[in-house]
Amino acid sequence: MAYVREIKNKKSVSYKIEVSNGYDSSGKKIRETTTFVPDPQMTKKQQQKALQKFVYEFEEKVKNGNCIRGEKITLEKFVQEWDEAFAKKQLEKTTYHGYMEVINQLILPSLGQMKIGKIKPYHIEKFYLSLTQDGVRHDGKPGGYSNGSINRFRIILSSILSTAEHWEFIDNNPCRKARLPKQSGQNDKLKCFTADQTRRFLKFVDDYCEQAKVQLPIGVTRPAVGNDYAYVLQMQYQALFQIAIFGGLRRGEMLALEWQNVDFEHCKIDIKQSAYYIKGEIVIKAPKTKDSIRSVSFPQSVIRTLQKYQSEQELYKKSLGNKWHGKNWLFTKSDGSIMNISTPYNKFQKLIQKYNQTVPQKEQLPLLSLHDLRHTNASLLVRSNKIDTKTISKKLGHSDMATTMKYYIHSYEESEQETADVLETMLLKQNETGTISG
């Protein structure tokens with residue numbers, strides 16, 4: 001027999017339902033409780049009918065041993081069970097650490113103290129909205145999170161609550177009904193260099209590399225180790241940025257490259273592994289999807305850069321002798337160990353800033369992220385109108401064509417203004433005689 005108690009407040013009414021569920025080992029009566037909140041859009045009669053149905057279903061669950069524990073366990077406590085029984089065993093190591101960072105930094109501080117049975121779509125939508133606010137980012141960067149990032153966090157939270165539903169802690173996963181906040185879309189707009197900006201950046205990197213060589217001591221056939229590395233260091237950045245722009249490789253894919261992956265004869269680089277940063281150390285493992293394992297073709301100019309860089313690296317390696325450590329990496333620290341994960345990004349930012357100091361403001365390059373060079377590669381290929389979507393998707397290692405289509409949409413938006421400008425020149429621009437030019 002269920003005991004139902006009406007709870008009224010100024011704005012709404014709810015019902016607390018209590019059902020006896022036998023006795024525990026000490027002889028104390030076990031009481032299972034839940035709460036029913038009627039739909040305010042219903043009539044009084046409809047609400048009573050819905051309440052009776054809810055009470056009946058709850059009694060049946062208690063009777064059949066399927067009582068929902070979600071009314072008693074907080075999300076924080078449930079995550080501990082989910083972590084031990086599911087996440088650690090089912091998720092890839094890199095995925096697991098990425099999930100736990102988001103859970104501990106964002107999800108639990110906002111929803112962790114709520115009983116999972118009490119979490120409604122409203123609470124989740126409110127959480128999503130909070131992520132758009134300035135100052136919320138756990139990485140310390142200004143502004144809120146982009147649509148793409150919030151959707152990624154939604155997937156993580158939904159995974160947890162789907163498990164709660166599967167284990168019958170809750171009836172339904174509230175994430176299914178929760179809507180993502182509407183944003184202007186500005187944060188998610190693809191950022192990349194134009195063809196002209198790309199040419200100027202590559203030229204600057206080449207010149208910067210040559211300057212390192214010019215600055216070596218005059219009259220020295222093979223420079224001292226310190227100066228030698230200064231040149232090798234600039235050469236590896238030259239090679240890295242050429243690979244990023246001409247190949248569209250991800251940062252982890254570039255850092256995990258070994259010389260055996262470079263096919264000089266056929267001008268190709270094989271992508272077989274990727275570098276990840278997990279708990280303070282670099283881990284090398286297979287890419288996340290099978291589509292990321294691929295062979296990428298490069299122009300001969302990039303291959304020549306790599307051949308030159310390899311020769312210089314070998315000379316430097318010999319000069320260090322047994323002080324050279326690590327595997328046969330393309331991109332290294334001064335002792336031969338694999339380059340730090342953050343180094344390419346930091347160097348990219350510094351090079352853009354150095355370039356911008358040498359040109360007028362209207363010619364300055366936008367301060368992009370390293371990953372935006374991947375966007376640049378895709379966008380330039382799309383703008384060429386010579387490469388189909390499937391080929392670009394395969395080159396970039398996308399697991400689905402929808403991801404590649406973002407670049408087509410971006411390039412279409414960019415070219416839309418160009419078509420308008422062309423028509424303006426053709427139809428509206430007047431010549432000196434006052435007639436329309438044509």
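Please refer to the structure higher up on the page.
In this text, all values refer to a predicted model and were calculated from it rather than measured experimentally. (Residues numbered from 1 in each chain as written. Predicted model: local features only at pLDDT ≥ 70, side-chain atom pairs only at ≥ 80, totals over all residues. Heavy atoms only, no water.)

**Remarks on the packing of aromatic side chains**
Working step 1: By the definition in use, this model includes 20 aromatic pairs.
Working step 2: Ring geometry for Trp 259 against Phe 264: centres 6.3 Å apart, planes inclined by 20°, an arrangement best described as stacked.
Working step 3: Owing to a relative accessible area of 4%, Trp 259 belongs among the buried residues under this scheme.
Working step 4: Aromatic pair Tyr 309 and Phe 331: ring centres 6.3 Å apart, planes at 10°, arrangement stacked. Taken together, the positions of Tyr 309 in helix α9 (residues 300-320) and Phe 331 in the loop between α9 and α10 (343-356) put the pair 22 residues apart, joining distant regions of the chain.
Working step 5: Its relative accessible area of 0% is what places Tyr 309 among the buried residues.
Working step 6: Here a set of aromatic residues connected by ring pairs shows up, and it is made of Phe 193, Phe 201, Tyr 237, Phe 241 and Phe 348. (Phe/Tyr/Trp six-rings, centres within 6.5 Å; stacked < 30°, edge-to-face > 60°. Buried < 20%, exposed > 50% of the residue type's maximum accessible area, 1.4 Å probe, protein only. Helix = DSSP H or I, 4+ residues; strand = E, 2+ residues; numbered from the N terminus.)

**Some thoughts on the layout of surface pockets**
Working step 1: Empty space within the second largest pocket amounts to approximately 930 Å³.
Working step 2: Listing elements by their share of the lining of the second largest pocket, those giving two or more residues are β3 (29-36) and α1 (44-63).
Working step 3: Counting residues per element, the lining of the second largest pocket draws most heavily on α1, which supplies six residues.
Working step 4: For the lining of the second largest pocket, the class distribution of residues is 11 nonpolar, five polar and nine charged. (1 Å grid on protein atoms, 1.4 Å probe; cavity = no way out; pocket = protein on both sides within 12 Å on 5 of 7 lines; lining within 4 Å. Points joined across faces, edges and corners; volume = space filled by probe spheres on them. Nonpolar A, V, L, I, M, F, W, Y, C, P; charged D, E, K, R; others polar.)

**Overview of the environment of Tyr 231**
Working step 1: When you line up the elements, Tyr 231 lands in helix α7 (residues 225-247).
Working step 2: Classification of Tyr 231 by relative accessible area gives buried; the value is 2%.
Working step 3: Put simply, Tyr 231 and Tyr 316 are 85 residues apart on the chain and 9.8 Å apart in space, counted from C-alpha to C-alpha.

**Side note on the nonpolar core**
Working step 1: Judged by nonpolar contacts, the single largest core of 52 residues is most densely connected at Phe 201, Phe 241, Ile 243, Leu 306, Phe 331 and Phe 348.
Working step 2: For this core, the elements supplying multiple residues, two or more each, are α6 (195-214), α7, α8 (251-255), β5 (268-271), α9 and α10.
Working step 3: Counting residues per element, this core draws most heavily on α7, at 11 residues.
Working step 4: Residues in contact with Phe 348, not counting those within four places in the same chain, are Phe 193, Phe 201, Phe 241, Leu 368, Ser 369, Leu 370 and Leu 373. (Core = buried A, V, L, I, M, F, W, Y, C linked by side-chain atoms within 4.5 Å. Contact = heavy atoms within 4.5 Å.)

**Some details on helix α4 (residues 121-130)**
Count 3.6 residues to each turn of an α-helix, and residues three or four apart come out pointing the same way.
Working step 1: Burial in α4 covers these residues: Ile 124, Phe 127 and Tyr 128. Seen end-on, α4 carries its buried residues on one side only, within an arc spanning 100°. Exposed and facing more than 90 degrees away from the buried side of α4 are Tyr 122 and Lys 126.
Working step 2: For α4, the elements touching its buried residues are α3 (93-111) and α5 (147-166). (Arc of directions from axis to C-beta.)

**Describing unusual backbone geometry**
Working step 1: The phi dihedral of Cys 267 is positive, around 55°, even though this residue is not glycine.
Working step 2: Turning to its location among the elements, Cys 267 is positioned in the loop between β4 (262-263) and β5.
Working step 3: On the accessibility criterion, Cys 267 (14% relative accessible area) is buried.

**A word on the environment of Phe 193**
Working step 1: Within the element layout of this structure, Phe 193 appears in the loop between α5 and α6.
Working step 2: Along the backbone, Phe 193 and Ile 245 are 52 residues apart, and their C-alpha atoms lie at a distance of 9.9 Å.
Working step 3: Non-local contacts of Phe 193, meaning those with residues more than four positions away in its chain, are made with Thr 198, Phe 201, Phe 348, Ile 352, Leu 365, Pro 366, Leu 368, Leu 373, Thr 376 and Leu 380.

**Examining the packing of helix α2 (residues 75-90) against α5**
Working step 1: Orientation of α2 relative to α5, taken along the N-to-C sense of each, is 85°, at an axis distance of 10 Å. Between α2 and α5, the interaxial angle falls into the category roughly perpendicular. Contact residues: α2 offers Leu 75, Phe 78, Val 79, Trp 82 and Phe 86, while α5 offers Leu 157, Ser 159, Ile 160, Leu 161, Thr 163 and Ala 164.
Working step 2: Each residue belonging to the contact of α2 with α5 can be placed in one class, and the counts come to nine nonpolar, two polar and no charged. (Axes fitted to C-alpha atoms, helices over the stretch in contact; angles between N-to-C directions. Parallel < 35°, antiparallel > 145°, perpendicular 65-115°, else oblique.)

**What to know about the environment of Lys 177**
Working step 1: Looking at the secondary structure, you find Lys 177 in the loop between α5 and α6.
Working step 2: Residue classification places Lys 177 among the exposed positions, given a relative accessible area of 68%.
Working step 3: Setting aside its immediate chain neighbours within four residues, Lys 177 contacts Pro 121 and Glu 125.

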